[in-house]
Amino acid sequence: MVRIRPIKPADDPPLATIIRTSLKSYGLDIPGTAYFDKELDHLSDFYDKSAQREYFVAVNEVDTVLGGAGIAEFDIANQVAELQKLYLTEAARGQHLSYRLLDTAVGFAKGAGYKTIYLETHHSLVEAIHLYQDYGFSDLGHPLNNGEHSSMDKFFVLNL
């Protein structure tokens, strides 16, 4: 039985490994991706610093981390949040956990008062792009406010 819960400090090492392993498997262990984000090794601290942020973790029955997804402020003045670091272990893929994580993250974003969710991804992440489009995200065609990850080349928004 997989459940979704907020991140805890003990989740930081496995999440950093999941994210880096996923990016590396697509050849995206390069500058301008989440692979080198300074907060990656301490995600719980980053998401704990503001009530406008939250990271959700998918765990199995023995609390093993299978992946996660986060929401954080992107453009507060325009009520835009960013969907961040949606990654799963290879073994956890194909079980609709990404949809469950998205449901939880979008619910948080709505509750936090955001009107739009923005995300950056890469054209090689075909499964992720399919997920976002299937979920209702629209292709923006360009980064919003000069996005943070310069190697990303696909940009999506979801109006809440």
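Up top is the structure these notes are about.
Let us look at the structure shown here. Please read these numbers as outputs of a predicted model, since none were measured by experiment.

Calculation rules
Residues numbered from 1 in each chain as written. Predicted model: local features only at pLDDT ≥ 70, side-chain atom pairs only at ≥ 80, totals over all residues. Heavy atoms only, no water. Pairing = 2+ DSSP bridges. Helix = DSSP H or I, 4+ residues; strand = E, 2+ residues; numbered from the N terminus. Buried < 20%, exposed > 50% of the residue type's maximum accessible area, 1.4 Å probe, protein only. Arc of directions from axis to C-beta. Contact = heavy atoms within 4.5 Å. Phe/Tyr/Trp six-rings, centres within 6.5 Å; stacked < 30°, edge-to-face > 60°. Lys NZ or Arg CZ within 6 Å of the ring centre and 35° of its normal.

**Description of the sheet that holds strand β6 (residues 138-139)**
Sheets are built from strands that pair by backbone hydrogen bonding, the pairs being arranged parallel or antiparallel. Ordered by their spatial adjacency, seven strands build an open sheet running β1-β2-β3-β4-β5-β7-β6, and the pairing between neighbours is mixed. What marks the edges here is a single partner per strand, and that holds for β1 (3-6) and β6. Strand direction decides the pairing type here: β6 and strand β7 (residues 154-159), joined by two bridges, are antiparallel. What sits directly across from Ser138, in β7, is Val157.

**Quick notes on helix α4 (residues 126-135)**
Taken as a whole, α4 has its buried residues at Ile129, Leu131 and Tyr132. Buried residues of α4, seen end-on, are gathered within an arc of 160° and therefore sit on one face of the element. Among the exposed residues of α4, those oriented more than 90 degrees off its buried face are Val126, Glu127 and His130. Residues of α4 that are buried sit in contact with β4 (80-88), α3 (97-111), β5 (116-121) and β7. One or two residues past the end of α4 sits Gly136, with phi positive at roughly 115°.

**Section: the packing of aromatic side chains**
This model, assessed by the stated rule, comprises eight aromatic pairs. Measuring from ring centre to ring centre gives 5.2 Å for Tyr47 and Tyr55, while their planes differ by 50°; the resulting arrangement is tilted. The exposure class assigned to Tyr47 is buried, which follows from its relative accessible area of 3%. Overall, the relative accessible area of 0% leaves Tyr55 in the buried class. Arranged with centres 6.3 Å apart and planes meeting at 40°, the rings of Tyr135 and Phe137 form a pair that is tilted. Feature note: the residues Tyr132, Tyr135, Phe137 and Phe156 constitute an aromatic cluster, connected by ring pairs. The cationic tip of Arg20 hangs over the ring face of Tyr35; the distance from NZ or CZ to the ring centre is 5.8 Å.

The values reported here are purely geometric and, on their own, carry no functional implication.
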